[in-house]
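Observations on chain architecture
Now for the letters of each chain:
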Amino acid sequence: MKLSHLFPMILMTVIPQCVAGQDTPARKPTGRQTWRVQLLHRDFNEGIAVGDIDGDGLADITAGDFWYHAPDFKQRRLRAVEPFRDDYTQNNSEHLYDVDGDGDLDVISGGYTTTIVNWYENPGPDHFDDGLWKTHLLLDTGTTRNEATFLHDINADGTPEFIENSWDKQNPMQILRLTKSASGAPSASKHLVSEVGNGHGMGFGDVNGDGREDILFQGGWYEQPESKPFASRWPYHHDFDLPHASCPILVVDLNADGRNDIIWADGHSYGLYWHEQLTPQADGTTTWRQHLIDKKFSQGHALAWDDVDNDGQPELITGKRYHAHSGRDVGAEDEITVQFYDWNPGNGTWKKNFISKAPAGQGPGIGLQIRVHDLDGNGWKDVIVPGKSGTHILWNEGR
């Protein structure tokens, strides 16, 4: 059911602590960045992806049951996502990738409580009106209690891996490698990073400066081996704890000291932080100093790192995931926001800029994924978010 009449288009001016007004023909303030909020659909879907579905050179959107055809983002059926509990669907993330190698983008999706990972075959422009996309089994992972999934090229060989994050610490840390079966059909194989030892939140980056990407999660990090990363277990380092960490955890050298730092949010409470990596101990153990960025919003479950104000530097993009635990989290009924933060490396501070603000449930939140892309080609990157308050495009109008 579409409820776009409940969510009028909103024009936002990006200044610290700015507030939303109705979308009207009012002039944009000189030198200030403005945003326009558009609701695409209202359901409980929390995964989203952006890519050129039909090969026309324009970026389309997939989100749960539907895909949205650029440039007008007309809603079209793609699949039927199973609902569960009161306000969840089995879609904790989705990714666009040419799984079968036929030249167009297919959908790979992860679910919360299912062991099955499916991919959905793009039928091509001549068959978009024939019905739902064909469903194929990619792999039975054998694990449930999944927080999110990532499609990420962890070993830099040009082919991404499908990596699961789980809130269950007893679940394995595993990487699913995209392969072909004996018949040449798309498949996947499992590699265990560790038999047990997963945990809420995940990110990727070179923690120890050896040039190889590691896996970070709530309870520390796994070090990628020097060679043949899929032939052995990965060494585990319990160098930090990040309670209910975001998906993703960002790995960025913020202070340009040659050591990567960590940015993360508490996905089920208040708190957005960065951890500064200090000089390691003599035995190589990494050491960290925690810094607070913001503690005025809750449920910052997803983060993105991209340039949305055209200053040539990426910004930290996040917001409130509405009803992450069906309204049981602290701050669940607070104002719902999406915002970005400018990092000042000179004095080590962050400037908060609101993109949108609305009463709880009546505007965009961040869901489980944030996508950043210039959808309309105006030279300013837009922000696209799913969530239990709806799937939204936050149109970047620039200055």
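Because the structure is predicted, anything quoted here is derived from the model rather than measured.

Glancing now at the overall build of the chain. What the chain contains, in helices and strands, is 0 helices and 32 strands. Dimensions of the chain along its principal axes, counting C-alpha atoms only, are 60 × 55 × 40 Å. Going through the 399 residues of the chain one by one, you find that 57% of them count as buried. Considering only residue pairs separated by 6 or more positions, the chain has 50% of its internal contacts joining residues 24 or more positions apart. Surface accessibility of the chain: about 16,300 Å² in total, with carbon and sulfur atoms responsible for 48%.

Moving on: the environment of Ala-358. Secondary-structure assignment places Ala-358 in strand β29 (residues 349-358). With a relative accessible area of 6%, Ala-358 lands in the buried category. Residues Ala-358 and Glu-226, 132 residues apart in the sequence, show an inter-C-alpha distance of 48 Å. Not counting the four nearest positions on each side in its chain, Ala-358 is found in contact with Glu-335, Ile-336 and Gly-363.

Moving on, we come to empty space enclosed by the protein. Overall, the coordinates contain 1 cavity of 30 Å³ or more when judged by the stated rule. Empty space within the largest cavity amounts to approximately 40 Å³. Every residue lining the largest cavity is listed: Thr-143, Asn-146, Glu-164, Asn-165, Ser-166, Asn-171, Pro-172, Gln-174 and Asn-198. The biggest single contributor to the lining of the largest cavity is strand β15 (residues 161-166), with 3 residues. When grouped by side-chain class, the residues that make up the lining of the largest cavity number 1 nonpolar, 7 polar and 1 charged.

Quick look at the confidence of the model for the chain now. Summary statistics for the chain give a mean pLDDT of 92 and a share of 92% for residues scoring 70 or more. Taken together, the stretch residues 1-30 has pLDDT below 50 and engages in 74 contacts with residues farther than four places along the chain or on a different chain.

Moving on: the sheet that holds strand β7 (residues 74-77). The antiparallel open sheet is built from 4 strands, whose spatial order is β4-β5-β6-β7. Strand pairing shows two members of the sheet lacking a second neighbour, β4 (49-51) and β7, which therefore form its edges. Direction aside, neighbouring strands of the sheet carry axes that sit 25 degrees apart on average. Judged from the 4 bridges that link them, strand β6 (residues 66-69) and β7 form a sheet pairing that is antiparallel. Each residue of the ladder has a partner; that of Tyr-68, found in β7, is Gln-75.

Our next topic: the sheet that holds strand β19 (residues 214-217). With respect to topology, 4 strands assemble into an open sheet ordered β18-β19-β20-β21, the strand pairing being antiparallel. Across the chains shown, the open sheet's two edge strands, defined by having one partner strand only, are β18 (202-205) and β21 (236-237). As judged from the 2 bridges shared by strand β20 (residues 220-222) and β21, these two strands associate in the antiparallel manner. Across the sheet, the residue bridging to Trp-221 is His-237, located in β21.

This part is about the environment of Glu-161. Mapping Glu-161 onto the fold places it in strand β15. In sequence terms Glu-161 and Ala-358 are 197 residues apart; their C-alpha atoms lie 37 Å from each other. Of note is the side chain of Glu-161, whose polar atom sits 2.9 Å from the backbone nitrogen of Ile-154.

Next up on the list: the pairing of strand β23 (residues 261-265). Within β23, 5 of the 5 residues are buried, leaving the element largely enclosed by the surrounding structure. Here β23 shows no split at all, with Asp-261, Ile-263 and Ala-265 on one side and Ile-262 and Trp-264 on the other all buried. Note that strand β22 (residues 250-252) and β23 share 3 bridges and pair antiparallel. Considered in β23, the bridge of Val-251 is made with Ile-262.

Computed from the structure, the largest pocket encloses a volume of approximately 550 Å³. What lines the largest pocket is a set of 25 residues, among which Phe-150, Leu-151, His-152, Pro-248 and Arg-371 lie closest to the centre. When contributions to the lining of the largest pocket are tallied by element, the ones reaching two or more residues are β4, β10 (93-97), β14 (146-152), β18 and β22. For the second largest pocket, the lining is made up of 17 residues, of which Glu-147, Trp-167, His-200, His-268 and His-325 are closest to its centre. Its residues assigned to classes, the lining of the second largest pocket shows 6 nonpolar, 6 polar and 5 charged.

With that out of the way, let us pick up the pattern of salt bridges. Using the criterion set out here, one finds 13 salt bridges in the structure. One salt bridge connects Glu-46 with Arg-321, and the closest N-O pair in it is separated by 2.7 Å. Separated by 275 residues along the polypeptide, Glu-46 in the loop between β3 (33-41) and β4 and Arg-321 in the loop between β27 (315-319) and β28 (336-344) bring together distant segments of the chain. Of the two residues, Glu-46 and Arg-321, neither departs from the other in class, the shared state being buried. Notably, a salt bridge pairs Glu-335 with Lys-357, separated by 3.9 Å at the nearest N-O pair. With Glu-335 in the loop between β27 and β28 and Lys-357 in strand β29, this pair connects stretches of sequence that are 22 residues apart.

A negative phi holds for most residues other than glycine; trans holds for most peptide bonds. Omega for the peptide link from Ala-70 to Pro-71 comes to 10 degrees, which places this bond in the cis form. Going from Cys-247 to Pro-248, the amide bond is cis rather than trans, its omega being 10 degrees. Examined against the element boundaries, Pro-248 turns out to sit in the loop between β21 and β22. You will see that Ala-256, though not glycine, has its phi angle at about 55 degrees, which is positive. Within the element layout of this structure, Ala-256 appears in the loop between β22 and β23. Classification of Ala-256 by relative accessible area gives exposed; the value is 68%. Even without being a glycine, Gln-299 presents a positive backbone phi close to 65 degrees.

Calculation criteria
- Every residue gets a number counted from 1 within its own chain, in the order that chain's sequence is written.
- Confidence filtering applies because this is a predicted model: local features only for residues at pLDDT of at least 70, side-chain atom pairs given and counted only at 80 or more, and all residues used for totals across whole chains, interfaces and linings.
- Each side-chain value is worked out from all heavy atoms of the structure, with water and hydrogens disregarded.
- Helix and strand labels come from DSSP, where a helix needs a run of H or I of at least four residues and a strand needs a run of E of at least two; each type is numbered from the N terminus.
- Only protein chains enter the accessibility calculation, which uses a 1.4 Å probe; a residue is then buried when its area is under 20% of its type maximum, exposed when over 50%, and partly exposed in between.
- We call two residues contacting when some pair of their heavy atoms lies within 4.5 Å.
- To measure how exposed things are, a 1.4 Å probe is used in the Shrake-Rupley method; for residues, cover is taken only from the protein chains shown.
- Any residue with an atom within 4 Å of a point lines the site, the site being either a cavity, points on a 1 Å grid over the protein atoms alone where a 1.4 Å probe fits but cannot get out, or a pocket, an open set with protein on both sides within 12 Å along at least 5 of 7 lines.
- Grid points are joined across faces, edges and corners, and a volume is the space filled by probe spheres set on the points.
- When residue character is reported, Ala, Val, Leu, Ile, Met, Phe, Trp, Tyr, Cys and Pro are called nonpolar, Asp, Glu, Lys and Arg charged, and the others, Gly included, polar.
- The score called pLDDT rates the predictor's confidence residue by residue, from a low of 0 to a high of 100.
- Strand pairing requires that DSSP identify at least two bridges connecting the strands.
- All axes are obtained by fitting lines to C-alpha atoms, using only the stretch in contact for helices, and the reported angles, taken between N-to-C directions, cover 0 to 180 degrees.
- Nitrogen and oxygen atoms within 3.5 Å of one another constitute a polar contact, given that in protein one can donate a hydrogen and the other can accept it, and given that sequence-neighbouring residues count only through two side-chain atoms.
- A pair is scored as a salt bridge if a Lys or Arg side-chain nitrogen falls within 4 Å of a carboxyl oxygen belonging to Asp or Glu.

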